[in-house]
Amino acid sequence: MAGRIEDYALLGDLQTAALVGRDGSVDWLCLPRFDSPSCFAGLLGSDRHGAWRLAPEGGGPCTERRYLPETLVLESLWRTPTGTVRITDFMPQRDRLPRLVRLVEGLSGTVRMRGALRLRFNHGRIEPWVRRTDHHRIAVAGPDAAWLRVPPGVHTWGEDGATVSDFTVRAGEQVPFVLTWQPSHHTTTPRTDPAGLLASTVRRWQDWAAGCRYQGPYRDQVLRSLITLKALTYDPTGGIVAAPTASLPEHPGGERNWDYRFCWLRDSSLTLAALLRGGFREEAAAWRKWLLRAIAGDPGDLQAVYGVAGERTLPETLADWLPGYQGSTPVRFGNAAVHQLQLDVYGEVLDTLELSWQAGVPMERQVWGLLRSLMAFLELHWREPDEGLWEVRGGKRQFVHSKMMVWVAADRAVRLAEATGLPAPLERWRALRDAVHGEVCEYGYDHHRGVFVQAYGERELDAATLLLAKYGFLPAEDPRVVRTVDAVRSGLDHGGFVRRYRTGPDGLPGSDGLAGPEGAFLACSFWLADALTATGRREQARELFERVLALTNDLGLLAEEYDPRTGHQLGNAPQAFTHVGLVNTAFALDGDEAADPTAVGPAAVR
């Protein structure tokens, strides 16, 4: 069965990603893209749904592991009674074909190794036909083919639906395995130099990481988060996925299982803001080009989520042949959020466009035309209810966060127009900004308790209201902000961390339309730390921040949620939303002026 969520390491080539457990098993990999059907789906079942285990004979977790400094190259070490062996796993940034490389190296003594490659295409559903040629084992099913290259002297055979290998590695020996995907109609695959691929992969990651501007006390954690966010970018288009996995549960055994292998405008925008803050501007320029392509057309057709190349159709389907992670069903692929109205994304997009411009990305007139179209849509539709930030499935409501982000959209549009001098209906935009602000303060505020709530006329709290000061909707010292921060801190506490909102009681559906509980949403704990910092409680913020940092696995990775009762991570992993929060909070606590994304200075208008 699959390991604990926190047991997994991330590998990636900026077009897809793999998850590797402590036991040396690759339990998740989609090829050739993040959102392609998986060929290893053991994460959502067992190794019979696809996995590639490579470890000392007898199994067991590795003794220790680490990423090579400032890279996404994983080293796992096993110390056995007969010797010590190291496996180096990585995915080279591809020239044409995706590859997963596993280098077995003997460090001392002799170690008997065993490998079992069990490919299952179409999310664990299709067992391929396997044939042997030269030093390759070729697995073919429909449009997919995977070529496993093994070195001379390593014998492989078929056993129980797997390609099995037993071999001995001695001190000083290196045994490379290379798995390459390509369309099944191709009859040959290029030879590779595993050692050369390793050297180039290390160099490319370290060259990229050298651009990080953060030099504060949390540099290791911030850089690891930035590398993780970079690994979630789809290099050919500039799109950014929310997570590389699907249907990892927000509560084991529950129905809150979603596919996050797509590009949410919200998540992408926030990821770009974190990368900009860290000093990386090329990603912002690439994402903006992706955005222009993805949302081209009527702004009324703006979706909250798109495919990595800008695809609009992402049908949500159920995979009833998969038992799910720890029995969590249904297993979903695709995401019905594509059909939801989420007004907050307009604010996140315009906020990122302003940050990009301040960081030196030119404001092109095509982008300005897009901005004006988005604002024209908001002027007509901002009063409508929506499904909101949390993508509820219990019906549309007047969410406070959504309206606040409409204010952000209007505010950033006004600021950009004033700064650039580009043509704009400034009086209308200012009037919209004022109208939204007044309505939220009147109807999104519980005047009896003195706090902002989740939706107009309701009493429930929402962790998203922690962002009121962060986006400048109200000053941090405003008593309404301070009371809201304190109310969320106590009312949504979950074992010292923060829930998004309260779910339904005793397994009954809540206002979000879903049954069952969920864990603490880790991004919300970072938001609380930011709010505590803004309201002058820096030491309390630092204590909370370091409490969340303590939840990272041994490689510095975090999932979407955490269960304080069991001590385990929950939800899709690693999660961009969470790592964005980590980066932002570290900068806020450090107060490093050099980390200001505007340090480069505003860009030109083109």
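Residues numbered from 1 in each chain as written. Predicted model: local features only at pLDDT ≥ 70, side-chain atom pairs only at ≥ 80, totals over all residues. Heavy atoms only, no water.

A.B. asks: Explain the overall build of the protein to me, and be specific about the residues and the numbers.
C.D. replies: Scanning the protein for helices and strands turns up 13 helices and 28 strands. Against the compact-globule benchmark of 25 Å for 606 residues, the protein has a radius of gyration of 24 Å, which places it among compact chains. The burial tally for the protein puts 63% of its 606 residues in the buried class. Put simply, 68% of the contacts in the protein that link residues at least 6 apart link residues at least 24 apart. Accessible surface computed for the protein: about 21,300 Å², of which carbon and sulfur atoms make up 50%. (Helix = DSSP H or I, 4+ residues; strand = E, 2+ residues; numbered from the N terminus. Rg over C-alpha atoms; globule rule 2.2 N^0.38 Å. Buried < 20%, exposed > 50% of the residue type's maximum accessible area, 1.4 Å probe, protein only. Contact = heavy atoms within 4.5 Å. Areas by Shrake-Rupley, 256 points an atom, 1.4 Å probe, with all protein chains shown as cover.)

A.B. asks: An account of the packing of aromatic side chains is requested, with residue identities and associated values reported.
C.D. replies: Using the criterion set out here, one finds 19 aromatic pairs in the structure. The interplanar angle of 85° and the centroid separation of 6.4 Å between the aromatic rings of Trp 205 and Trp 208 together place this pair among those described as edge-to-face. In this pair, Trp 205 and Trp 208 are both assigned in helix α2 (residues 194-209), three residues apart and thus about one turn of the helix distant. Owing to a relative accessible area of 2%, Trp 205 belongs among the buried residues under this scheme. Residue classification places Trp 208 among the buried residues on the basis of a relative accessible area of 14%. For the ring pair Trp 390 and Phe 521, a centre distance of 5.2 Å and an interplane angle of 70° mean the geometry is edge-to-face. Taken together, the residues Trp 390 in the loop between α7 (365-381) and α8 (400-420) and Phe 521 in strand β26 (residues 520-521) connect sequence positions 131 residues apart. As far as burial versus exposure is concerned, Trp 390 and Phe 521 are alike and both buried. (Phe/Tyr/Trp six-rings, centres within 6.5 Å; stacked < 30°, edge-to-face > 60°.)

A.B. asks: Describe in detail the packing of α7 against helix α9 (residues 426-443), supporting the description with residues and values.
C.D. replies: Packing of α7 against α9 brings their axes to within 11 Å, and their N-to-C directions diverge by 50°. The orientation of α7 relative to α9 falls into the category oblique. Classified by chirality, the crossing of α9 by α7 is left-handed. Contact residues: Trp 368, Leu 371, Arg 372, Met 375 and Glu 379 in α7; Arg 428, Trp 429 and Leu 432 in α9. A class-by-class count of the residues in the contact of α7 with α9 yields five nonpolar, no polar and three charged. (Axes fitted to C-alpha atoms, helices over the stretch in contact; angles between N-to-C directions. Parallel < 35°, antiparallel > 145°, perpendicular 65-115°, else oblique. Left-handed = near helix turned anticlockwise from the far one by under 90°. Nonpolar A, V, L, I, M, F, W, Y, C, P; charged D, E, K, R; others polar.)

A.B. asks: Now, about empty space enclosed by the protein: what can you tell me, with residues and values included?
C.D. replies: Taken as a whole and assessed by the stated rule, the structure comprises eight cavities of 30 Å³ or more. Looking at the largest cavity, its volume works out to about 300 Å³. What lines the largest cavity is a set of 24 residues, and nearest its centre among them are Tyr 260, Leu 389, Trp 390, Glu 391 and Arg 500. Taken together, the residues that form the lining of the largest cavity break down as twelve nonpolar, three polar and nine charged. Size it by volume and the second largest cavity reaches roughly 130 Å³. Lining of the second largest cavity is provided by 15 residues; of these, Leu 270, Leu 467, Tyr 471, Trp 527 and Phe 577 occupy positions nearest its centre. Secondary-structure elements contributing two or more residues to the lining of the second largest cavity are α4 (265-278), α11 (522-534) and α13 (576-590). (1 Å grid on protein atoms, 1.4 Å probe; cavity = no way out; pocket = protein on both sides within 12 Å on 5 of 7 lines; lining within 4 Å. Points joined across faces, edges and corners; volume = space filled by probe spheres on them.)

A.B. asks: Tell me about the pattern of salt bridges, and please be specific about residues and values.
C.D. replies: Tallying each qualifying case throughout the model produces 48 salt bridges. The partner of Arg 33 in a salt bridge is Glu 311, with the nearest N and O atoms 3.0 Å apart. One end of the pair, Arg 33, is in the loop between β3 (25-30) and β4 (38-40); the other, Glu 311, is in the loop between β19 (305-306) and β20 (317-318), and 278 residues separate them in sequence. As a salt-bridge pair, Arg 383 and Glu 439 come within 3.5 Å of each other at their nearest N and O atoms. (Salt bridge = Lys/Arg side-chain N within 4 Å of Asp/Glu carboxyl O.)

A.B. asks: Kindly report on the sheet that holds strand β27 (residues 561-563), identifying the contributing residues and their values.
C.D. replies: If you walk across this open sheet you meet the three strands as β26-β27-β28, and the pairing is antiparallel. Both outer strands of the open sheet, β26 and β28 (568-570), are each paired with one neighbouring strand and no more. Two strands pair when backbone bridges link them, and β27 and β28 are joined in this way by three bridges, in the antiparallel orientation. Considered in β28, the bridge of Tyr 562 is made with Gln 569. (Pairing = 2+ DSSP bridges.)

A.B. asks: Would you mind going over the nonpolar core in detail, with residue names and values included?
C.D. replies: Val 104, Phe 177, Met 375 and Trp 527 are the most contacted members of the largest nonpolar core, which totals 187 residues. Here this core takes twelve residues from α8, the largest share from any one element. Look past the residues within four positions of Val 104 in its chain and what remains in contact with it is Leu 54, Val 85, Arg 86, Ile 87, Met 113, Phe 167, Val 169, Glu 173, Gln 174, Val 175 and Phe 177. (Core = buried A, V, L, I, M, F, W, Y, C linked by side-chain atoms within 4.5 Å.)

A.B. asks: Let's hear about the packing of helix α3 (residues 219-231) against α13: which residues, and what values?
C.D. replies: Relative to each other, α3 and α13 sit at 145°, their axes nearing to 9 Å. As α3 runs across α13, the sense of the crossing is left-handed. In this structure, α3 uses Gln 221, Val 222, Ser 225, Leu 226, Thr 228 and Leu 229 to contact α13, whose residues at the interface are Ala 576, His 579, Val 580, Leu 582, Val 583 and Ala 586. Class assignment for the residues of the contact of α3 with α13 results in eight nonpolar, four polar and no charged.

A.B. asks: Report on the pairing of strand β13 (residues 156-159), specifying residues and quantitative values.
C.D. replies: Summarising the sheet, β13 and strand β14 (residues 162-170) pair through four bridges and their orientation is antiparallel. Residue pairing across strands places Glu 159 opposite Ala 162, the latter belonging to β14. Connecting β13 to the antiparallel partner β14 that follows it, the hairpin turn spans two residues, and Asp 160 within it adopts a positive phi of roughly 55°.

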